[in-house]
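# Inside the fold
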Amino acid sequence: MSARDKAGSAPESDAGPLHGGLDDDYTPEQLAGMDKEALNRLGARYDGVEVLHVDPPPAPGSGLEKQAERQVSLAFGLAGLFALAFAVVYFGSDWFLPDWQWTSDASGWSVFYTPLLGLTMGGALAFIGVGLVLFVKKLLPHETAVQDKHDGSQFDRTTTAATLMGGLDKTGFPRRKMIGRSLGFAGGALGLMLIAPLGGLIKNPNKGNPLGTTPWAEGIRLVRDDGSPIRPGDQEPGSLETVFPAVEGGNLAADAATMLIRLRPEQMAVLEPREGQADFGYGDYVAYSKICTHAGCPVSLYEQETSRILCPCHQSQFDVIQGAKPVFGPASRSLPELPITLDDEGYFVARSDYIEAVGPTYWNRERI
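Residues numbered from 1 in each chain as written. Predicted model: local features only at pLDDT ≥ 70, side-chain atom pairs only at ≥ 80, totals over all residues. Heavy atoms only, no water.

Once that is clear, we can look at the environment of leucine 260. Summarising the element assignment, leucine 260 is placed in strand E5 (residues 258-262). Spatially, the C-alpha atoms of leucine 260 and phenylalanine 348 are 9.8 Å apart, while their sequence positions differ by 88 residues. Apart from residues lying up to four places away in sequence, leucine 260 is in contact with Leu222, Ile230, Gln235, Ser239, Leu240, Glu241, Val243, Tyr285, Val286, Ala287, Ile340 and Phe348. (Helix = DSSP H or I, 4+ residues; strand = E, 2+ residues; numbered from the N terminus. Contact = heavy atoms within 4.5 Å.)

Take a look at the structure:
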């Protein structure tokens with residue numbers, strides 16, 4: 001008896017090689033008339049598949065199957081809950097949860113924010129893995145088989161599709177609704193967890209003009225690093241005081257540091273404010289940004305005899321008498337001046353934010 005006769009499917013005429021199956025052996029109508037199990041067996045025979053051993057899954061409806069189904073569903077459900085917890089922490093920060101800010105001495109919510117993201121994401125991925133392992137181990141049949149490799153044909157494509165669909169049936173998903181629902185829940189939550197961080201990649205970092213604004217605003221007091229406010233009589237003529245806005249974190253803001261300078265009488269006599277900024281000072285006081293317009297270094301070396309402020313990084317010099325105009329070095333733009341006045345208690349306050357961007361000229365490249 002030939003191999004074809006043993007397969008019980010091919011005619012006795014010379015129709016070609018056994019492996020790969022010939023489209024002439026079975027018409028599309030014949031194949032369409034067979035159920036999935038028959039196509040599965042037929043494809044296996046034509047593909048030379050030999051099943052060596054099969055461990056059947058738990059009997060449908062048995063206590064063992066129900067127990068395994070509950071374990072798998074629990075793992076998938078926990079994966080979904082961890083993924084949702086990740087989304088709550090990620091999206092909830094600065095919404096219905098405290099805002100997260102990185103600082104070297106962080107405390108409270110800022111300390112737990114990143115660890116919570118790692119814990120919830122790790123838990124979601126771990127439980128989805130546990131659920132898949134339990135599902136394969138406890139609810140799928142374990143089969144050992146060998147198969148010869150060969151080229152495919154229409155016959156192979158049809159029977160292979162039936163094999164795949166038969167494999168889906170063997171998983172039990174069509175009748176194991178609880179596992180299907182828990183896996184769907186976990187999959188949806190995991191998808192949300194994985195795409196959530198993409199928001200940080202597409203979010204516009206310039207929202208609110210962060211490069212063109214600082215913490216200074218109308219009515220905000222000028223305070224020292226220790227938080228104490230300043231009155232006009234607190235400084236000697238010719239002195240410089242570094243001040244910050246009296247807001248939370250004002251002394252830590254990279255663009256807020258300001259030099260409050262009290263000019264001497266002879267300096268006031270020759271003072272040449274920039275155009276449109278003649279009223280930015282108050283009396284013999286002027287306030288300029290401490291951030292160099294060349295590379296952003298702190299300028300703080302003030303030589304009152306020459307009325308020049310020196311940047312120690314690249315030796316740019318700014319003339320206080322001429323509205324902090326650069327007179328030496330690589331800086332090409334004057335230090336921005338902060339408009340100041342006094343509040344009802346006689347302390348210095350800002351009249352507004354800086355009217356131009358603070359820091360390197362690069363940020364103002366469209367204006368120069």
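Another aspect to go through is the pairing of strand E4 (residues 240-245). Where strand E3 (residues 222-223) meets E4, two bridges bridge the pair, whose relative direction is antiparallel. Looking at E4, one finds that leucine 222 is bridged to proline 245. Here E4 runs beside E5; their pairing, made up of four bridges, is antiparallel. Residue pairing across strands places leucine 240 opposite isoleucine 261, the latter belonging to E5. (Pairing = 2+ DSSP bridges.)

What follows deals with the sheet that holds strand E10 (residues 325-328). Pairing is antiparallel across the open sheet formed by four strands, whose spatial order is E7-E8-E9-E10. Here the strands that pair on one side only, and so sit at the sheet edges, are strand E7 (301-303) and E10. For this sheet the average axis-to-axis angle between neighbouring strands, irrespective of direction, equals 35°. As defined by bridge partners, strand E8 (residues 308-310) adjoins strand E9 (residues 317-319) across three bridges and the pair is classed as antiparallel. Residue pairing in the sheet places arginine 308 in a bridge with aspartate 319 of E9. (Axes fitted to C-alpha atoms, helices over the stretch in contact; angles between N-to-C directions.)

Before going further, it helps to spend a moment on the environment of serine 93. Counting through the fold element by element, serine 93 comes out in the loop between helix H4 (63-92) and helix H5 (109-139). Taking C-alpha positions, serine 93 is 8.4 Å from tyrosine 113, a pair spaced 20 residues apart along the chain. Residues in contact with serine 93, not counting those within four places in the same chain, are Val88, Pro98, Asp99, Trp100, Trp109 and Tyr113.

Counting buried positions over the five residues of E5 gives five, a clear majority of the element. Side-chain alternation along E5 places Thr258, Leu260 and Arg262 on one buried face and Met259 and Ile261 on a second face that is also buried. Relative to strand E6 (residues 285-289), E5 runs antiparallel, the two being bridged by five bridges. Pairing of leucine 260 across the sheet is with alanine 287, part of E6. (Buried < 20%, exposed > 50% of the residue type's maximum accessible area, 1.4 Å probe, protein only.)

This part takes up the packing of H4 against H5. Where H4 contacts H5, the two axes come as close as 8 Å, and the packing angle between them is 160°. The orientation of H4 with respect to H5, classified from their angle, is roughly antiparallel. Taken as a pair, H4 and H5 cross one another with a handedness that is left-handed. (Parallel < 35°, antiparallel > 145°, perpendicular 65-115°, else oblique. Left-handed = near helix turned anticlockwise from the far one by under 90°.)

Attention now moves to the sheet that holds E4. Sheet architecture is open: four strands sit in the order E3-E4-E5-E6, paired in antiparallel fashion. Two strands in the sheet have a free side with no partner beyond their single neighbour: E3 and E6.

Turning to the packing of H5 against helix H7 (residues 177-195), a few remarks are in order. Interaxial distance between H5 and H7 falls to 11 Å at its minimum, and their mutual angle equals 150°. The orientation of H5 with respect to H7, classified from their angle, is roughly antiparallel. Here the hand of the crossing between H5 and H7 comes out left-handed. On H7, the residues that touch Met121, Ala124, Leu125, Ile128, Phe135 and Leu139 of H5 are Ile179, Leu183, Ala186, Leu190 and Met193.

In this section: the packing of aromatic side chains. The tally for this structure, following the rule as stated, stands at six aromatic pairs. A ring pair is formed by phenylalanine 82 and phenylalanine 127, whose centres lie 5.6 Å apart and whose planes are at 25°; its orientation type is stacked. Here phenylalanine 82 is found in helix H4, whereas its partner phenylalanine 127 is found in helix H5, with 45 residues between them in sequence. Relative accessible area serves as the criterion here: at 26%, phenylalanine 82 is assigned to the partly exposed category. Plain terms: the ring middles of tyrosine 282 and phenylalanine 348 are 6.1 Å apart, the flat faces sit at 85° to each other, and that makes the pair edge-to-face. Here the residue tyrosine 282 occupies a position in the loop between helix H9 (265-269) and E6, and phenylalanine 348 occupies one in strand E12 (residues 348-350), the gap between them amounting to 66 residues. Note on tyrosine 282: relative accessible area 33%, which makes it partly exposed. Relative accessible area serves as the criterion here: at 0%, phenylalanine 348 is assigned to the buried category. Linked through ring pairs, Phe86, Tyr90 and Phe91 together constitute an aromatic cluster. (Phe/Tyr/Trp six-rings, centres within 6.5 Å; stacked < 30°, edge-to-face > 60°.)

Nothing here speaks to function; it is all geometry.
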